[in-house]
Amino acid sequence: MNNKTLLQIVKDFGNPIYIYDADTIASQYKRLTKAFGKVKQLRVNYAVKALSNISILKLFNSLGSGLDTVSIQEVRLGLKAGFKPEDIIYTPNGVSLEEIEAVTKLGVQINIDNLSILEQFGTKHPNVPVCIRINPHVMAGGNTNISVGHIDSKFGISIHQIPLLLRIVENTKMNINGIHMHTGSDILDIDVFLYASEILFETAKNFKDLEFIDFGSGFKVPYRAGDIETNIEELGQKLSKRFNEFCTEYGRDLTLAFEPGKFLVSEAGLFLAKVNAVKQTTSTVFAQIDSGFNHLIRPMLYGSQHEIINISNPKGRERFYSVVGYICETDTFANNRRINEINEGDILCFKNAGAYCYSMASNYNSRYRPAEVLIYKSKPQLIRKRETFEDILNNQVEITI
Ligand SMILES: *Cc1c(COP(=O)(O)O)cnc(C)c1O
């Protein structure tokens, strides 16, 4: 996407705006499937929560992907996008037994991560095949909010509880058809991932009727030049080899599953916003844009450093800016960042805005959520309208006062 195209999209659809590139999503999907090409049965389930627009889900369906969902609403979006129930896995945490039963009725693969729920579910529905989410207690992940494998984590069934898990399965006669782990986002070290996989293989030996082993996700993507990223090709080579060996040991070909979100959509997304004002203070120069953490919360929530470029003046001399929003509390996107000279009215482009950006947007400060555009077959197409004042009032009930 060149700057001219991007500026034209802003002209046509307004700002601020999210723009996604379908070709980039497709090439990341293919990169992952190619890295695991030596595995006989591979399943990639796109993690819907990263970017849940129905047109994006339809794109994944066309690529042959499955879906990883964490709520019944995501399951319903997936079905509406044309996915078959058997191509969807539901991996909730802390939801009610009622919701799990409702998803079961939709024909979707259930993944349970709690022994109490497992016992209740197995007692009532012994014939429904269930996957179990194991916590291998391996520290992975770039930020404490996204590391989910540690001992204090609320996710998964601890490997130390396997004896009780086995007793529940035996007592209820339920059928365990899958084993799963997801140890957190931003895995840097392949060896740590492989180590956790060994724990999963060891656990898998306890179950005779497995169909798949799901290794979750957490692949790290680069945010700036020089950033470390998960080496997917190396992981693919090493894990595929171990997985194939395990299948031989196990005596049956199993499916190797992954459920990436960020890896598949992060780089495909850009966020564009206009500079409302340039404000010089005693200590810095602020570039104030027509957005805030209501549209893109990752810098404030996770400390993520999105690359920012001035597409209106890409050849301007570089100066230092703090890029901030219009929310009435601190909403800093970048501190002291070198950017090509910014003038009021310029359009700034945030990179890596595909994952956990629009999907975490809100109406805070009663602002509208942005529009979303997908470039599909070289053509920019609106996939979500910008909100209007009616949307802000929608569902509010005015009483007589
Ligand atoms: C969020 C989540 C993912 C996706 O993680 P990424 O870091 O975006 O790849 C996968 N599986 C589960 C269970 C999740 O909660």
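For clarity, every value in this text was computed on a predicted model and none was experimentally measured.

Thoughts on the domain arrangement of the protein
Point 1. Taken as a whole, the protein is organised into domain 1 (3-18 + 268-383) and domain 2 (36-264).
Point 2. Distance between the C-alpha centres of domain 1 and domain 2: 33 Å.
Point 3. Contacts between domain 1 and domain 2 engage 16 residues on the former and 15 residues on the latter.
Point 4. Residues belonging to the side of domain 1 that touches domain 2 are distributed by class as follows: six nonpolar, eight polar and two charged.

Structural notes on the UniProt feature "binding site: substrate" (unreviewed entry) in the protein
Point 1. Here, the residues flagged by UniProt with the feature "binding site: substrate" (unreviewed entry) are R298, Y302, E329 and Y356.
Point 2. Within the secondary structure, R298 sits in helix α11 (residues 298-302).
Point 3. By the C-beta count within 10 Å, which is 20 here, R298 ends up buried.
Point 4. Filtering out sequence-adjacent residues up to four positions away, R298 remains in contact with S304, Y356 and C357.
Point 5. Within the secondary structure, Y356 is located in the loop between β16 (347-350) and β17 (371-376).
Point 6. On the basis of neighbour count, Y356 is assigned to the buried category, with 25 C-beta atoms found within 10 Å.
Point 7. Setting aside anything within four residues of it in sequence, one finds Y356 in contact with A50 and R298.

Considerations on the packing of helix α8 (residues 190-204) against helix α9 (residues 232-250)
Point 1. Where α8 meets α9, the closest approach of the two axes is 11 Å, and the angle between their N-to-C directions is 15 degrees. With respect to each other, α8 and α9 are oriented roughly parallel. As α8 runs across α9, the sense of the crossing is right-handed. Here I190, F193, L194, S197, F201 and A204 of α8 come into contact with α9, specifically with E234, L235, K238, L239, R242, F246 and Y250.
Point 2. Of the residues that constitute the contact of α8 with α9, the class distribution is nine nonpolar, one polar and three charged.

What counts and what doesn't
Throughout this description, residue numbers start from 1 for each chain and increase along the sequence as written. pLDDT decides what is reported in this predicted model: residues at 70 or higher carry local features, side-chain atom pairs at 80 or more are listed and counted, and totals for whole chains, interfaces and linings draw on all residues regardless. All the domain ranges listed were derived from an automatic or database domain assignment. Residues are scored as being in contact if the C-beta atoms we place from backbone atoms lie within 7 Å. Note that Gly is not counted as nonpolar here; it falls among the polar residues with everything else outside the nonpolar set of Ala, Val, Leu, Ile, Met, Phe, Trp, Tyr, Cys and Pro and the charged set of Asp, Glu, Lys and Arg. UniProt positions are given in the numbering used here, feature names are shortened, and annotations may be inferred rather than shown by experiment. Numbering goes from the N terminus for both helices and strands, where a helix is a DSSP run of H or I of at least four residues and a strand is a run of E of at least two. Here exposure depends only on C-beta density: within 10 Å of a residue's C-beta, 20 or more other C-beta atoms make it buried, 12 or fewer make it exposed, and intermediate numbers make it partly exposed, the C-beta atoms being placed from the backbone. Every axis corresponds to a line fitted to the C-alpha atoms, with the helix fit spanning only the stretch in contact, and the corresponding angles, defined between N-to-C directions, vary from 0 to 180 degrees. Each angle is binned into one of four classes, with values under 35 degrees roughly parallel, values over 145 roughly antiparallel, values of 65 to 115 roughly perpendicular, and all other values oblique. In a left-handed crossing the near helix is turned counterclockwise from the far helix by less than a right angle, and in a right-handed crossing that turn is clockwise.

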